[in-house]
Amino acid sequence: DGAVNYYQLAKIDAKPQESHPGDPDFVVRAERLLAERRFLEADAAAKRWTEAMPTSADAWEYKARLNVRETRGDDAAAAYRKALELDPSRIGVVTDFADYLMTTGKAEDEAREMLDRYAKAFPLNREIALAQARWLDRVLEAANVRLQAMSSGRYRLERADSESAKRNSKAGLDIKVW
């Protein structure tokens, strides 16, 4: 039936690991560097962390977020992928990565496929549902730009906001005639 369960996403034999390189305050200090926009120091911390603990999903997530802030796109995507490879159950990493992919416009299909896969595995997860809604909003925005030009502004696609509107709409979209 195409359903995906958690065990298809995660390694069954994964063991919990220390998330810091031998120093429990390291994570707090590294996060502070990022929050304070001290990127050179944060970059050095990320390098130390991923080298000391190459199997730490926390380290790779930190490196991904740092690379996003420093607009190093390919490095950010690689670090997000590594974090999810190490711990695929990290919903926050999934939604951050999907948002990043959508924002860059380079891999919107990858974002949609990833969100769909996780939505099947975790159908009641609110973070995944919200990330899917953000993806749909971006698609609608792009479609409306084209539709407005083609229809001289007469038509606009909108998401149904109410439950009754959703029941009356086949695909969850309404077309409004101006």
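To start, this report covers the structure provided alongside it. (Residues numbered from 1 in each chain as written. Predicted model: local features only at pLDDT ≥ 70, side-chain atom pairs only at ≥ 80, totals over all residues. Heavy atoms only, no water.)

### Topic: the overall build of the protein
Stated formally: Helix numbering and strand numbering both begin at the N terminus, where a helix is a DSSP run of H or I of at least 4 residues and a strand a DSSP run of E of at least 2. Only protein chains enter the calculation, and the probe is 1.4 Å; a residue is then buried if its accessible area is under 20% of its type maximum, exposed if over 50%, and partly exposed in between. Any two residues having at least one pair of non-hydrogen atoms within 4.5 Å are treated as being in contact. Values of accessible area rely on a 1.4 Å probe in the Shrake-Rupley scheme; residue burial ignores everything except the protein chains shown.
Secondary structure assignment for the protein yields nine helices and two strands. N-terminal to C-terminal, the α/β element order of the protein is α-α-α-α-α-α-α-α-β-α-β. Buried positions account for 35% of the 178 residues belonging to the protein. Of all intrachain contacts in the protein linking residues separated by at least 6 positions in sequence, the fraction that spans at least 24 positions is 44%. About 11200 Å² of surface is accessible on the protein, with carbon and sulfur atoms providing 51% of the total.

### Focus: the packing of helix α5 (residues 73-86) against helix α6 (residues 91-104)
What counts is decided by this rule: Lines fitted to C-alpha atoms define the axes, with helix axes restricted to the stretch in contact, and inter-axis angles between N-to-C directions lie between 0 and 180 degrees. Working rule for angles: under 35 degrees goes down as roughly parallel, over 145 as roughly antiparallel, 65 to 115 as roughly perpendicular, anything else as oblique. Helix crossings are classified by the rotation of the near helix relative to the far one: an anticlockwise turn of less than a right angle makes the crossing left-handed, while a clockwise turn makes it right-handed.
For the pair α5 and α6, the least separation of the axes is 10 Å and the interaxial angle reads 155°. It follows that α5 is roughly antiparallel to α6 by the angle criterion. Handedness of the crossing formed by α5 with α6: left-handed. Contacts between α5 and α6 involve G73, D74, A76, A77, Y80, R81, A83 and L84 from the former and V93, V94, D96, F97 and Y100 from the latter.

### As for the nonpolar core
Our working rule: For this analysis, a nonpolar core means a set of buried residues of the types Ala, Val, Leu, Ile, Met, Phe, Trp, Tyr and Cys, connected via side-chain atoms within 4.5 Å.
Counting 27 residues, the largest nonpolar core has F97 and M114 as its most contacted members. When residues of this core are traced back to their parent elements, those giving at least two are α4 (57-69), α5, α6, α7 (108-121) and α8 (126-150). For this core, the element with the most residues is α6, which contributes eight residues. Leave out the neighbours within four places in its chain, and M114 touches L84, V94, F97, A98 and L101. Residues F26, A42, A46 and A59 belong to the second largest nonpolar core, which totals 13 residues.

### Overview of α6
Stated precisely, the cut-off is as follows: What a helix is expected to span follows from its residue count: subtract one and scale by 1.5 Å.
Taking 1.5 Å per residue as the helical rise, α6 with its 14 residues ought to reach 20 Å, and the 20 Å between its terminal C-alpha atoms agrees with that figure. Among the residues making up α6, those that are buried are I91, V93, V94, T95, F97, A98, Y100, L101 and M102. On the buried face of α6, the contacting elements are α4, α5, α7 and α8. Positive backbone phi, approximately 75°, marks G105, located one or two places after α6.

### Details of α8
For clarity, the cut-off: Polar contacts here mean pairs of N or O atoms no more than 3.5 Å apart (in protein, one a potential hydrogen donor and the other a potential acceptor; neighbouring residues in sequence count only if both atoms are side-chain atoms).
Taking 1.5 Å of rise per residue, 25 residues should cover 36 Å, and α8 covers 36 Å from first to last C-alpha, within 8% of that figure. Taking the backbone nitrogen of E127 as reference, a side-chain oxygen 2.9 Å away marks N125 as the first, capping residue of α8. Two residues or fewer past α8, S152 is found with a positive phi of approximately 55°.

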